[in-house]
Amino acid sequence: MSQNVYICPYCQSENIQSYNIAYAGGVSSVNGVTTGVGIGMNGRVGVGIGNTVGTQQTALSMMAEPPKKKSTTGLFIKGTLGIYFGLGIVLWVSGLSKSNWSLVIYIVAYAILVYNIHRRTVWNREVYPELRRDWERTYICLRCGNKFRLEY
């Protein structure tokens, strides 16, 4: 007799689902058009049309959301804008704009930005793949709600 490894270790139910199927099955696009007609107090008629576009997601799908990579592009853009505007205002108010300190502050700020981008890149390369593999092996029991990982 073969043993079924695809069962919940808590309640022994076979009613389980992988996280990637639970996530993909719970996300749907919504696109609807609504039309309405109304009559006002003075007898005038009004017509309205509304359009609804969006994404609907179930609670199970939200719970089974896959891990995300950390964005390096967004950090670079936000960091660069923050350095220019934030330090620009500080230097303008303090009067250091003609000083050598302004160059030192900009270099240190960019060094911190490059370091943080490097940390995110290393995380995306070394930590994220393991989190993704764990997510792909995670299942949820649709009977008791237990989540568990199958090693195969």
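The structure reproduced in this document is the subject of the present report.

Parameters and conventions
Residues numbered from 1 in each chain as written. Predicted model: local features only at pLDDT ≥ 70, side-chain atom pairs only at ≥ 80, totals over all residues. Heavy atoms only, no water. Patch = residues over 30% accessible without salt bridge, like charges linked within 9 Å, V, L, I, M, F, W, Y side chains within 5 Å. Areas by Shrake-Rupley, 256 points an atom, 1.4 Å probe, with all protein chains shown as cover. Salt bridge = Lys/Arg side-chain N within 4 Å of Asp/Glu carboxyl O. Helix = DSSP H or I, 4+ residues; strand = E, 2+ residues; numbered from the N terminus. Buried < 20%, exposed > 50% of the residue type's maximum accessible area, 1.4 Å probe, protein only. Expected span 1.5 Å × (residues − 1). Core = buried A, V, L, I, M, F, W, Y, C linked by side-chain atoms within 4.5 Å. Contact = heavy atoms within 4.5 Å. Polar contact = N/O pair within 3.5 Å; in protein donor to acceptor, adjacent residues only side chain to side chain. Pairing = 2+ DSSP bridges. Axes fitted to C-alpha atoms, helices over the stretch in contact; angles between N-to-C directions.

Observations regarding a nonpolar patch on the surface
Okay, so step 1: A cluster of nonpolar residues, Val-33, Val-37, Ile-39, Val-45, Val-47 and Ile-49, forms a patch on the protein surface that exposes about 700 Å² of accessible area.
Okay, so step 2: Of all the elements in the fold, those that place two or more residues in the nonpolar patch are strand 2 (27–39) and strand 3 (45–57).
Okay, so step 3: Locating Val-33 in the fold gives a position in strand 2.
Okay, so step 4: A relative accessible area of 61% means that Val-33 is categorised as exposed.

Digging into helix 4 (residues 100–126)
Okay, so step 1: Between its first and last C-alpha, helix 4 extends 39 Å over 27 residues, near the 39 Å set by a 1.5 Å rise per residue.
Okay, so step 2: Listing the buried residues of helix 4 in full gives Ser-102, Ala-109, Leu-113, Ile-117 and Asn-124.

A word on the nonpolar core
Okay, so step 1: Listed in full, the seven residues of the largest apolar core are Cys-8, Cys-11, Ile-16, Tyr-139, Cys-141, Phe-148 and Leu-150.
Okay, so step 2: Those residues in contact with Phe-148 that lie beyond four places of it in its chain are Ile-7, Cys-8, Pro-9, Ile-16, Arg-137, Thr-138, Tyr-139, Ile-140 and Cys-141.
Okay, so step 3: Counting six residues, the second-largest nonpolar core is a separate cluster that includes Leu-75, Ile-83, Leu-87 and Ile-117.

Remarks on the side chain of Thr-80
Okay, so step 1: Looking at the secondary structure, you find Thr-80 in helix 3 (residues 73–94).
Okay, so step 2: A polar contact is formed between the side chain of Thr-80 and the backbone oxygen of Phe-76, at a distance of 2.8 Å.

Some words on the sheet that holds strand 4 (residues 138–141)
Adjacent strands of a sheet pair through backbone hydrogen bonds, lying either parallel or antiparallel.
Okay, so step 1: Here we have three strands laid out as an open sheet, ordered 1-4-5, and antiparallel in their pairing. Both outer strands of the open sheet, strand 1 (16–18) and strand 5 (147–149), are each paired with one neighbouring strand and no more. Between one strand and the next, the sheet's axes are offset by a mean angle of 30°, whatever the strand orientation.
Okay, so step 2: Two elements, strand 1 and strand 4, share three bridges in a ladder whose sense is antiparallel. Bridge pairing in strand 4 places Gln-17 opposite Ile-140.

Topic: the side chain of Ser-61
Okay, so step 1: By secondary structure assignment, the location of Ser-61 is in helix 2 (residues 59–63).
Okay, so step 2: Ser-61 gets classed as buried once you look at its relative accessible area, which sits at 0%.
Okay, so step 3: Apart from residues lying up to four places away in sequence, Ser-61 is in contact with Ala-22, Tyr-23, Gly-26 and Val-27.

Here we look at the pairing of strand 4
On a regular strand, each side chain points to the face opposite its neighbour's, so the side chains alternate between the two faces of the sheet.
Okay, so step 1: Neither face of strand 4 is exposed, since Thr-138 and Ile-140 on one face and Tyr-139 and Cys-141 on the opposite face are all buried.
Okay, so step 2: Across three bridges, the pairing between strand 4 and strand 5 is antiparallel. Bridge assignment links Tyr-139 to a residue of strand 5, and that residue is Phe-148.
Okay, so step 3: The loop that links strand 4 with its antiparallel partner strand 5 comprises five residues; one of these, Gly-145, has a positive phi angle of about 85°.

Some details on the pattern of salt bridges
Okay, so step 1: Applying the stated criterion across every chain yields a total of three salt bridges.
Okay, so step 2: Of the charged contacts, one joins Lys-68 and Glu-65 as a salt bridge, the two residues approaching to 2.5 Å between their closest N and O atoms.
Okay, so step 3: With a relative accessible area of 52%, Lys-68 lands in the exposed category.
Okay, so step 4: Note that Arg-132 and Glu-136 form a salt bridge whose closest N and O atoms lie 3.2 Å from each other. Highlighted residues: Arg-132 and Glu-136, both in helix 5 (residues 128–136), separated by four residues, approximately one helical turn.
Okay, so step 5: The exposure class of Arg-132 is partly exposed, given its relative accessible area of 28%.

Honestly, it's all geometry; don't read function into it.
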